[in-house]
Amino acid sequence: MAQTDPVVIGYQSNKFVKDSSTKVLTLYRPSDGSGYDALRSNEGSDYQVPLGSKFTILKCTITLSSDNANYQGVTWWQHSSAGVAGGTQIFGHFTPQVPTDTYTLPYELPVYMEITAGNYINTQHDSAQIVETITGVESDA
């Protein structure tokens, strides 16, 4: 019987063996406003890590959505409720200012953070003008 190589998924050096319960997801913040909001799945609902699973964040992209945007603070929290303050902080980033031009400025950051079952990923912005996406792998816990 011929042996086949396993299918692997991931980003950069972080790889996972693809099986029936492992999938790559991209989550996004639905608005660029200030305050707290939960990241959403492609189906448009707040993403909650399913019971028996974990979500490993591998890449985040933070884009200042306006030219001449001020410096921006971005924080992520792991919490059992969607879009609320508090929980366990898992990420903090402070972006530089966008030059006065007619373009936006994206930052792509490789990361490795595990979110446990039952939790949402809530984001907090100091002010408006930021959009975020993250890419990660949902797998068995």
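Anyway, here's the lowdown on the structure attached to this text. Values in this document were obtained by computation on a predicted structure and should not be read as measured data.

Basis of the calculations
Residues numbered from 1 in each chain as written. Predicted model: local features only at pLDDT ≥ 70, side-chain atom pairs only at ≥ 80, totals over all residues. Heavy atoms only, no water. Helix = DSSP H or I, 4+ residues; strand = E, 2+ residues; numbered from the N terminus. Contact = heavy atoms within 4.5 Å. Areas by Shrake-Rupley, 256 points an atom, 1.4 Å probe, with all protein chains shown as cover. Core = buried A, V, L, I, M, F, W, Y, C linked by side-chain atoms within 4.5 Å. Buried < 20%, exposed > 50% of the residue type's maximum accessible area, 1.4 Å probe, protein only. Pairing = 2+ DSSP bridges. Axes fitted to C-alpha atoms, helices over the stretch in contact; angles between N-to-C directions. Lys, Arg positive; Asp, Glu negative; His and termini not counted. Salt bridge = Lys/Arg side-chain N within 4 Å of Asp/Glu carboxyl O.

## Digging into the overall build of the protein
Stage number 1. Looking only at helices and strands, the protein features zero helices and ten strands.
Stage number 2. When its helices and strands are written in sequence order, the protein yields β-β-β-β-β-β-β-β-β-β.
Stage number 3. Put simply, of all contacts in the protein between residues at least 6 apart along the chain, 75% involve residues at least 24 apart.
Stage number 4. Accessible area of the protein: about 7,400 Å², with a carbon and sulfur share of 49%.

## Let's talk about the nonpolar core
What tends to happen in soluble globular proteins is that the nonpolar side chains get buried as a cluster.
Stage number 1. By size, the foremost hydrophobic cluster in this structure holds 20 residues, and its most contacted members are Leu27, Phe55, Ile57, Trp76, Phe91, Ile121 and Ile134.
Stage number 2. Those elements that provide at least two residues to this core are β3 (23-28), β5 (53-64), β6 (72-79), β8 (105-116) and β10 (130-140).
Stage number 3. With five residues, β5 is the single largest residue contributor to this core.

## A look at the sheet that holds strand β9 (residues 120-125)
Stage number 1. If you trace the four strands from one edge of the open sheet to the other, you get β4-β9-β6-β7, paired in antiparallel fashion. Two strands lie at the open edges of the sheet, namely β4 (35-38) and β7 (88-95), each paired on one side alone. Averaged over all pairs of adjacent strands, the angle between strand axes in this sheet comes to 20 degrees, irrespective of strand direction.
Stage number 2. As judged from the seven bridges shared by β6 and β7, these two strands associate in the antiparallel manner. In the sheet register, Gly73 faces β7, and the bridge partner there is Phe94.

## Quick notes on the side chain of Arg29
Stage number 1. The residue Arg29 is located in the loop between β3 and β4 in this model.
Stage number 2. Buried charge without a partner: Arg29 forms no salt bridge, and the closest opposite charge is Glu132, 4.1 Å away.

## Digging into the pattern of salt bridges
Any two side chains of opposite charge can pair, so long as their charged atoms come close to each other.
Stage number 1. Counted by the stated rule, this structure contains four salt bridges.
Stage number 2. Between Glu138 and Lys23 there is a salt bridge whose closest N-O contact spans 3.7 Å. Of the two residues, Glu138 is situated in strand β10 and Lys23 in strand β3; the sequence distance between them amounts to 115 residues.
Stage number 3. The buried category is assigned to Glu138, whose relative accessible area is 8%.
Stage number 4. The residue Lys59 makes a salt bridge to Glu108 at a minimum N-O spacing of 3.8 Å. Of the two residues, Lys59 sits in strand β5 while Glu108 sits in strand β8, which places them 49 residues apart along the sequence.
Stage number 5. Assessed through its relative accessible area of 46%, Glu108 is described here as partly exposed.

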